[in-house]
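Observations on the model geometry
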Amino acid sequence: MTDITIRPARGTGDLNAVRRLCWDYRDILVQRTADFPLLLDYYYEMPVYQKLMDELPGRHVAPDGEIFVAETAGQIVACGMTHRIDAHTCEIKRVFVTPAARGRGVAQLLCKAAMDHARTFGYQRMVLDTMRSLPEAMALYEGMGFRSTAPYYDVPQELADNIVFYEHPL
């Protein structure tokens with residue numbers, strides 16, 4: 001893994017690369033939730049997601065959060081971002097690795113960098129949610145020691161069985 005660099009996203013070029021990765025992430029979710037479009041509509045409705053992408057870095061800036069990228073051979077191949085939930089808790093979002101970079105531990109490196117950063121800024125707990133249609137994400141988080149937790153935001157009852165919540169002490 002020595003050829004993978006994890007670093008904060010800085011500048012327009014990095015943010016544009018993160019936007020592309022986030023759109024690729026959404027495309028996978030479209031495929032994985034085709035049989036349950038309500039899930040995608042609730043979490044990734046096009047106008048809302050477009051606004052989020054347009055406003056990056058938005059709430060993902062220090063000290064409340066950060067956007068991380070993974071780079072290899074001068075190419076950004078993965079991203080992940082954090083933001084503040086409360087004084088003690090931050091959330092990690094949109095961890096995504098390109099297909100070409102998968103299987104090399106990149107997502108785990110991104111998560112570890114995010115956790116280290118969160119500790120530096122005094123957070124005591126990291127939370128996240130993921131969809132049951134992303135078993136590889138569930139395996140990643142469980143393998144890193146994240147544990148199931150109660151939802152940390154209101155979830156519509158009709159979606160509750162499709163979302164998994166995790167937490168990890170920092």
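Everything quoted here is computed from the prediction, not taken from an experiment.

V18, Y43, Y44, M126, Y141 and F146 are the most contacted members of the largest nonpolar core, which totals 59 residues. In this view, F146 contacts M115, M126, L128, Y141, Y166, E167 and H168; residues no more than four positions away in its chain are not counted.

Looking now at the side chain of H168. Counting through the fold element by element, H168 comes out in strand β7 (residues 163–169). Ignoring sequence-local partners within four residues, the contact set of H168 consists of M115, Q124, R125, M126, M144, G145 and F146.

Looking now at the packing of aromatic side chains. A complete count under the given rule lists 11 aromatic pairs for this structure. Residues W23 and Y49 carry aromatic rings whose centres are separated by 5.0 Å and whose planes lie at 85° to one another, so their mutual orientation is edge-to-face. Note that W23 is positioned in helix α1 (residues 11–32) and Y49 in helix α3 (residues 46–54), a separation of 26 residues in sequence. With 5.3 Å between their ring centres and 85° between their planes, Y152 and Y153 make a pair best called edge-to-face. An aromatic cluster is defined as three or more aromatic residues linked by ring pairs; in this entry it consists of W23, Y25, Y44, Y49 and F96.

Those residues of helix α2 (residues 37–44) lying buried are L39, L40, Y43 and Y44. Taken around the axis of α2, the buried residues stretch over an arc of 95°, which confines them to a single face. In the core, the buried residues of α2 are packed alongside α1, α3, β5 (125–131) and β7.

Quick look at the pairing of strand β4 (residues 89–97) now. Among the 9 residues in β4, 9 count as buried, and that is most of the element. Inspection of the sheet shows strand β3 (residues 75–86) paired to β4 by 7 bridges, in the antiparallel sense. Across the sheet, D86 pairs through a bridge with T89, a residue of β4. Counted between consecutive antiparallel strands, the loop separating β3 from β4 contains 2 residues. Inspection of the sheet shows β4 paired to β5 by 3 bridges, in the parallel sense. Across the sheet, T89 pairs through a bridge with R125, a residue of β5.

So, about the pattern of salt bridges. Going through the model one piece at a time under the given rule, you end up with 11 salt bridges. With its nearest N and O atoms 2.9 Å apart, the salt bridge here joins E66 to R10. A residue pair is termed long-range when its members are at least 10 positions apart, and E66 in strand β2 (residues 66–72) and R10 in the loop between β1 (5–8) and α1 qualify at 56 residues. Linking R125 and E167 is a salt bridge whose minimum nitrogen-to-oxygen distance equals 2.7 Å.

Residue position: P8 is located in strand β1. Residue P8 is classed as partly exposed on the basis of its relative accessible area of 31%. As a C-alpha pair, P8 and A113 span 105 residues in sequence and 9.3 Å in three-dimensional space. Among residues more than four places away in sequence, those in contact with P8 are D14, E66, I67, F68 and V69.

Each value, and the rule that gives it
- Residues numbered from 1 in each chain as written.
- Predicted model: local features only at pLDDT ≥ 70, side-chain atom pairs only at ≥ 80, totals over all residues.
- Heavy atoms only, no water.
- Core = buried A, V, L, I, M, F, W, Y, C linked by side-chain atoms within 4.5 Å.
- Buried < 20%, exposed > 50% of the residue type's maximum accessible area, 1.4 Å probe, protein only.
- Contact = heavy atoms within 4.5 Å.
- Helix = DSSP H or I, 4+ residues; strand = E, 2+ residues; numbered from the N terminus.
- Phe/Tyr/Trp six-rings, centres within 6.5 Å; stacked < 30°, edge-to-face > 60°.
- Arc of directions from axis to C-beta.
- Pairing = 2+ DSSP bridges.
- Salt bridge = Lys/Arg side-chain N within 4 Å of Asp/Glu carboxyl O.

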